[in-house]
Amino acid sequence: MSKRWFITGGTPGGFGVALAEAALETGDRATLTSRRPQELATWAEQYGDRILVVPLELTDSAQVQRAVRAAEDHFGGIDVLVNNAGRGWYGSIEGMDETALRAMFELNFFAVLAVTRAVLPGMRARGDGWIVNVSSVAGLVSAPGFGYYSATKFAIEAITDALRDEVAEHGISVLTVEPGAFRTNAYAGFANEPVAEAIPDYHDVLEQVRVTFVEMDGVQPGDPRRGARAVIAAMAQDPPPRRLVLGNSGYDTVVDTLEQTLADIRSNETLSRSADFPS
């Protein structure tokens, strides 16, 4: 049977569109949400009534409910939810503007919860479904200048792990996807976003972060179409993985970081075990 997808974060050339295309290529149907749906109108025409583009400002909970109802009314339900939308702001832990960091949590974390909570009742009622939460390599590896972005993605990792166990008995599968650097438009805005840092001591490190992303824009190694197909292939495995890191450099970075973390924990095993009451 064909699956009915609900994918957030539809932008031309983005990961959401790539996932929708991959799903449609397999004979599935998809709802794709976007803040600017008019940008997808021409693209959507080729798929006829198998694609539904829905306008959605994800931080508006009422709009989230309406978008989910529109997809359920149009296709009769949602079999696969992909929480793909998100954005990265950069800044120091000490000096980043509080309004910006709270806005990032609203979009990258709380909006994911809102969509998930809106979709889950239908999945539980049918006893079947998939939830795919697009995290990031930054959800497993933090870096200077992106601590708050990483925090939003670390939070996604945590709730996804808990959700996976909570909904398993209801026939719902859950996958976390951690892309590395993919050739989307995600880095395009950095060229026009000068460092806005309240504390001069951090300006140089943040400027280097900005320059790095500007230089990578358009030459990121990750192919969104290949990444989307990898996600679908992972979902088809029996059993499916709990998480999927996408991209060579992302895979190497995650594995190296986790191995270093494990080595650090093990190096202090005696101290760790000394903290209990004596047997």
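Structural data are supplied above this passage.
Student: Is there a simple way to explain the overall build of the protein in this structure?
Tutor: Counting its secondary structure elements, the protein contains nine helices and seven strands. Here the protein has a C-alpha radius of gyration of 20 Å; the compact-globule value for 279 residues is 19 Å, and the two agree. Looking at the 279 residues of the protein, the share that counts as buried comes to 46%. Pairs at least 24 residues apart make up 69% of the contacts formed inside the protein by residues separated by at least 6 positions.

Student: Help me understand the pattern of salt bridges, please; the structure alone is not making it clear to me.
Tutor: Opposite charge on two side chains lets them pair, provided their charged atoms get close. For the coordinates displayed, the defined rule picks out 13 salt bridges. Here Glu39 makes a salt bridge to Arg36, at a shortest N to O gap of 3.0 Å. In this structure Glu39 comes out as partly exposed when scored by relative accessible area, which is 39%. On the accessibility criterion, Arg36 (36% relative accessible area) is partly exposed. Through salt bridges with shared partners, one network takes in Glu157, Asp161, Arg164, Glu178 and Arg243.

Student: For this particular structure, what's the right way to read the packing of aromatic side chains?
Tutor: Aromatic rings in a pair are described by how distant their centres are and how their planes are angled relative to each other. Going through the model one piece at a time under the given rule, you end up with six aromatic pairs. Where Tyr90 meets Phe146, the ring centres are 6.3 Å apart and the plane angle is 15°; that geometry is what we call stacked. Residue Tyr90 is located in the loop between strand E4 (80-83) and helix H4 (98-126), and its partner Phe146 is located in the loop between strand E5 (129-134) and helix H5 (147-167); the two are separated by 56 residues in the primary sequence. Take Tyr90: its relative accessible area is 11%, and that puts it in the buried class.

Student: Got a minute to help me understand the nonpolar core in this structure?
Tutor: One finds Trp43, Val132, Leu175 and Val231 to be the most contacted residues of the largest nonpolar core, which totals 31 residues. Counting residues in each nonpolar core, the second largest holds 25 residues, with Leu56, Ala67, Phe75 and Ala85 among its members.

Student: Which parts of the structure should I look at to understand the sheet that holds strand E1 (residues 4-7)?
Tutor: Whether parallel or antiparallel, the strands of a sheet pair through hydrogen bonds between backbone atoms. With parallel pairing, seven strands are arranged side by side in an open sheet as E3-E2-E1-E4-E5-E6-E7. Across the chains shown, the open sheet's two edge strands, defined by having one partner strand only, are strand E3 (51-55) and strand E7 (243-246). Averaged over all neighbouring strand pairs, the angle between strand axes comes to 15°, with direction disregarded. Across four bridges, the pairing between strand E6 (residues 172-179) and E7 is parallel. Of the residues in E7, the one forming a bridge with Pro179 is Leu246.

Student: Just to check I follow, could you spell out the environment of Ile93 for this structure?
Tutor: Structurally, Ile93 can be placed in the loop between E4 and H4. Separated by 109 residues in sequence, Ile93 and Tyr202 place their C-alpha atoms 9.7 Å apart. Discounting residues that sit within four places of it in the chain, Ile93 has contacts with Gly147 and Tyr148.

Student: Would you mind going over helix H1 (residues 15-25) with me for this structure?
Tutor: Among the 11 residues of H1, 10 are classified as buried, and the element is accordingly described as predominantly covered. Inspection of H1 places Phe15, Gly16, Val17, Ala18, Leu19, Ala20, Glu21, Ala22, Ala23 and Leu24 among the buried residues, and these make up the whole buried set. Two residues or fewer past H1, Gly27 is found with a positive phi of approximately 95°.

Student: How should I be thinking about the packing of H4 against H5 in this particular structure?
Tutor: Any two packed helices are characterised by the angle at which their axes cross and by the distance between the axes. The interhelical angle for the contact between H4 and H5, taken along N-to-C directions, is 15°, at an axis separation of 9 Å. Overall, the two elements H4 and H5 adopt an arrangement that is roughly parallel. Between H4 and H5 lies a crossing whose hand is right-handed. Counting all contacts with H4, which are made through Leu101, Met104, Phe105, Asn108, Phe109, Val112, Leu113, Thr116 and Leu120, the residues of H5 involved are Tyr148, Tyr149, Ala151, Thr152, Ala155, Ile156, Ile159, Leu163 and Val167.

Student: Just checking my understanding: could you explain the packing of helix H3 (residues 61-75) against H4 for this structure?
Tutor: Contact geometry for H3 and H4: axes closest at 10 Å, N-to-C directions at 40°. It follows from the interaxial angle that H3 and H4 lie oblique. Crossing handedness for the pair H3 and H4: right-handed. Contacts between H3 and H4 involve Val64, Gln65 and Val68 from the former and Ala114, Val115, Ala118 and Val119 from the latter.

Student: Hey, could you run me through the environment of Phe109 in this one?
Tutor: You can see Phe109 is positioned in helix H4. We classify Phe109 as buried; its relative accessible area is 12%. C-alpha of Phe109 to C-alpha of Ala155: the two residues are 46 residues apart in sequence and 7.1 Å apart in space.

What counts and how
- Residues numbered from 1 in each chain as written.
- Predicted model: local features only at pLDDT ≥ 70, side-chain atom pairs only at ≥ 80, totals over all residues.
- Heavy atoms only, no water.
- Helix = DSSP H or I, 4+ residues; strand = E, 2+ residues; numbered from the N terminus.
- Rg over C-alpha atoms; globule rule 2.2 N^0.38 Å.
- Buried < 20%, exposed > 50% of the residue type's maximum accessible area, 1.4 Å probe, protein only.
- Contact = heavy atoms within 4.5 Å.
- Salt bridge = Lys/Arg side-chain N within 4 Å of Asp/Glu carboxyl O.
- Phe/Tyr/Trp six-rings, centres within 6.5 Å; stacked < 30°, edge-to-face > 60°.
- Core = buried A, V, L, I, M, F, W, Y, C linked by side-chain atoms within 4.5 Å.
- Pairing = 2+ DSSP bridges.
- Axes fitted to C-alpha atoms, helices over the stretch in contact; angles between N-to-C directions.
- Parallel < 35°, antiparallel > 145°, perpendicular 65-115°, else oblique.
- Left-handed = near helix turned anticlockwise from the far one by under 90°.

On their own, these measurements won't tell you what the molecule is for.
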